[in-house]
Amino acid sequence: MKKKTQMIHAGITGDEQTGAVSVPIYQTSTYQQDGAGQHRGYEYSRTGNPTRHALEETITALEHGQAGFAFASGMAAITSVMTLFNSGDHVVMTDDVYGGTFRLMNHVINRLGIESTFIDSSDPAQVKEAIQDNTVALYIETPTNPLLKITDIAEMEEIAREHELTLIVDNTFNTPYFQHPLELGADIVLHSATKYIGGHSDVVGGLVVVNNETLAKDLHFIQNSSGAILGPQDSWLLLRGIKTLGLRMEAHENNTQRIVHFLNQHPKVTNVYYPGLSDHSGHEIAQRQASGFGGMISFDVGSGENADHVLANVKYFTLAESLGAVESLISIPARMTHASIPKDRREALGITDGLIRISVGIEDADDLIDDLRQAIEN
Ligand SMILES: *Cc1c(COP(=O)(O)O)cnc(C)c1O
């Protein structure tokens, strides 16, 4: 099955009983049993729900995995994955992971006795150096936010195999339409489905897919025990979002390439970060391990004042956190998503006051470019 067909036909679609083409929303907490302990596959909706199950089967197929799990948010998914580990364990992580992941590890998971070390995973030497005797997992995000740094997944797999680490990849930015971490050797792939998979700024959810039976059993046990499940309505919204994921990702990327081209030759733009640019540090790896470069761009307009000016004057870019939706969004990482990082550390990372991040939507590219032009020039 080709990718676009998969988005429509993979996993579970429709309803066998009625012939409904769309998976029904099974808004139920419990299920009648035919006799004590004799159920028809479902007994209680924390444990399993047919709408959630359809979504879990679909994401499993899209990620080429063994089993999938839907959670109440991306963070609930990541938290559940972290509880696979035990007190005394250590995790090596990409240093510019999603801010919420950083907070989770440093303020919640650490209290359970699971430690983490953050390194630049685009440099394999730093990864190797961070591995300790008690390291059990390597957690990477690629591309990252906001500078879109790229980590070589296959190279991480080699390191993980040598040290018997569980390799976890946050695939939120590229989605299974562009990147298949499990194929490249990852053990677990996860998503904030709030972003591209949902795609319409109307649902918060998280998805995890694993590549073997043991992880499947363990994660199902955790999902059922701790209960951070996605409800049936939200599961249905994600199923609906996935139908157009292929179309949307192509539209995001086409628009993004045109905007990158415009920004890259604009005299008032000092730096453009996009893995599709041949001078981007991770360009070759991105080209090798993904079939697209995605819809996120960061660019520098030189100062916080200039950035403010652009934000105040754009019409089609909504000032908001989040990303991956049909509508274009704009933000200033230094004052929004990355405000908690001290200024000198931010500057060292390249997250300057003048850095603007855009999540390119699927509006007409001409309108988006005209909008950015007038906001930058006026
Ligand atoms: C948003 C995001 C998360 C967290 O997901 P929520 O759905 O907001 O809980 C995790 N990783 C990445 C890369 C994200 O962009």
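What comes next concerns the included structure. This structure is a prediction, so every number in the text was calculated from the model and none was measured.

It is worth spelling out helix α9 (residues 232-243) at this point. Think of an α-helix as 3.6 residues a turn; residues three or four steps apart then line up on the same face. The terminal C-alpha atoms of α9 lie 17 Å apart, and with 12 residues this matches the ideal 16 Å at 1.5 Å per residue to within 8%. For α9, the set of buried residues is Pro232, Ser235, Leu238, Leu239, Gly241 and Ile242. Buried residues along α9 sit in contact with α1 (3-9), α2 (50-62) and α10 (245-264).

Moving on, we come to the environment of Tyr139. Among the structural elements, Tyr139 can be located in strand β4 (residues 135-141). Each C-alpha atom, one on Tyr139 and one on Ile168, is 4.7 Å from the other, the two residues being 29 residues apart in sequence. Beyond its immediate stretch of four places on either side in the chain, Tyr139 contacts Ile78, Met82, Val91, Val92, Met93, Thr94, Val97, Thr101, Ile168, Asp170 and Leu190.

Attention shifts here to the site of the ligand. Around the ligand, a shell composed of 14 residues is seen, among which Met75, Asp170, Ser192, Thr194 and Lys195 lie nearest. At 2.8 Å, a side-chain N or O of Ser192 approaches an oxygen atom of the ligand. Residue Lys195 places a side-chain N or O atom 2.7 Å away from an oxygen atom belonging to the ligand. Here the ligand has 380 Å² of accessible area as a free molecule, and 92% of this is covered by the chains. One can see that the ligand is located within the largest pocket. When residues in the shell around the ligand are grouped by element, the largest group, three residues, is from helix α3 (residues 74-82). Class assignment for the residues of the shell around the ligand results in five nonpolar, six polar and three charged.

When strand β2 (residues 90-94) meets strand β3 (residues 115-119), the two strands line up parallel, connected through five bridges. Across the sheet, Thr94 pairs through a bridge with Ile119, a residue of β3. As a crossover connection, the stretch from β2 through helix α4 (residues 99-107) into β3 is right-handed.

Relative orientation of the contacting elements α3 and α4 amounts to 40°, with a least axis distance of 10 Å. As α3 runs across α4, the sense of the crossing is right-handed. Each of Met75, Ile78, Thr79 and Met82 in α3 lies in contact with α4, whose residues at this interface are Gly100, Thr101, Leu104 and Met105. Broken down by class, the residue content of the contact of α3 with α4 amounts to five nonpolar, three polar and no charged.

A separate point is the nonpolar core. In this structure, Leu55, Leu138 and Leu167 are the most contacted members of the largest nonpolar core, which totals 43 residues. Counting the residues that make up this core, at least three belong to each of domain 1 (3-243) and domain 2 (247-377). Ranked by size, the runner-up nonpolar core spans 35 residues in total, among them Val269, Ile332, Leu372 and Ile376.

What counts, and where the lines are drawn
- Residues numbered from 1 in each chain as written.
- Predicted model: local features only at pLDDT ≥ 70, side-chain atom pairs only at ≥ 80, totals over all residues.
- Heavy atoms only, no water.
- Helix = DSSP H or I, 4+ residues; strand = E, 2+ residues; numbered from the N terminus.
- Expected span 1.5 Å × (residues − 1).
- Buried < 20%, exposed > 50% of the residue type's maximum accessible area, 1.4 Å probe, protein only.
- Contact = heavy atoms within 4.5 Å.
- Near = heavy atom within 4 Å.
- Polar contact = N/O pair within 3.5 Å; in protein donor to acceptor, adjacent residues only side chain to side chain.
- Areas by Shrake-Rupley, 256 points an atom, 1.4 Å probe, with all protein chains shown as cover.
- 1 Å grid on protein atoms, 1.4 Å probe; cavity = no way out; pocket = protein on both sides within 12 Å on 5 of 7 lines; lining within 4 Å.
- Sits in = over half its atoms within 2 Å of the grid points.
- Nonpolar A, V, L, I, M, F, W, Y, C, P; charged D, E, K, R; others polar.
- Pairing = 2+ DSSP bridges.
- Right-handed = clockwise from strand over helix to strand, strands pointing away.
- Axes fitted to C-alpha atoms, helices over the stretch in contact; angles between N-to-C directions.
- Left-handed = near helix turned anticlockwise from the far one by under 90°.
- Core = buried A, V, L, I, M, F, W, Y, C linked by side-chain atoms within 4.5 Å.
- Domains from an automatic or database assignment.

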